[in-house]
Structures are given as structure tokens and as C-alpha cells.
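Structural overview
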Amino acid sequence: MRSPDLERLVDAENRLAAFLDDMRDEGSFSITETKLAGTNPVRFDDGMVRLIERMANARGCTVRRMTSVPGMTRRCWPRSL
């Protein structure tokens with residue numbers, strides 16, 4: 001999960017953990033979970049984000065905003081190969 005709002009992120013993680021606990025109790029199967037990172041969310045400067053979006057659009061590229069966590073992509077990317 002990713003969110004720039006740490007309180008919202010922690011709440012969502014706790015709700016997911018409770019749901020998974022309920023599923024474990026009710027099912028005849030196992031569920032495992034792995035936390036890939038534990039760093040605080042980072043908000044990028046809005047002016048810089050808009051500048052990058054404008055530059056990308058000017059070059060005909062599409063843009064999609066996503067939440068970034070420092071080092072998250074670097075740590076997780078090799079695992080996904």
C-alpha cells in the first residue's frame with residue numbers, strides 16, 4: 001500500500017491486517033503477508049510536479065501521478081524481476 005498521508009496509510013494497513021486475521025480464522029487456508037518497506041511517505045514539491053507534467057505533456061507523453069516512498073522502488077524492484 002502507498003499513501004502520502006501516513007495516518008491514512010497506517011489505518012489502511014491495520015484494517016487490512018484485521019481482515020486477513022478474520023480470513024485466517026474463518027478459512028481452511030493460510031495467508032501470509034510481507035511488508036516491503038517501512039519508510040515515511042514523501043510529498044514532492046507541487047511546483048516541480050506540475051513542471052514535470054507540463055514538460056512531459058509538451059513532448060506528447062502521458063502522465064500519471066503515483067505515491068512514492070523514498071527508496072521503496074529501489075528496494076522492491078529487484079524482487080519483482
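Residues numbered from 1 in each chain as written. Predicted model: local features only at pLDDT ≥ 70, side-chain atom pairs only at ≥ 80, totals over all residues. Heavy atoms only, no water.

- The name recorded for the protein chain in an unreviewed UniProt entry is N-carbamoyl-L-amino-acid hydrolase, from Mesorhizobium qingshengii.

Quick look at helix α1 (residues 6–26)
- Given a rise of 1.5 Å per residue, 21 residues ought to cover 30 Å, and the 30 Å separating the end C-alpha atoms of α1 matches this to within 8%.
- Taken as a whole, α1 has its buried residues at L9, A12 and L20. For α1, the angular spread of the buried residues around the axis is 70°, confining them to a single face. Set apart from the buried face of α1 by more than 90 degrees, the exposed residues are E7, N14, R15, D25 and E26. (Helix = DSSP H or I, 4+ residues; strand = E, 2+ residues; numbered from the N terminus. Expected span 1.5 Å × (residues − 1). Buried < 20%, exposed > 50% of the residue type's maximum accessible area, 1.4 Å probe, protein only. Arc of directions from axis to C-beta.)

Section: helix α2 (residues 46–58)
- Taking 1.5 Å as the rise per residue, α2 with 13 residues should run 18 Å; its terminal C-alpha atoms sit 18 Å apart, in good agreement.
- Measuring from the side-chain oxygen of the N-cap residue of α2 to the backbone nitrogen of G47 gives 3.1 Å; that N-cap residue is D45.
- Downstream of α2 by a residue or two, G60 has a phi angle that is positive, lying close to 80°. (Polar contact = N/O pair within 3.5 Å; in protein donor to acceptor, adjacent residues only side chain to side chain.)

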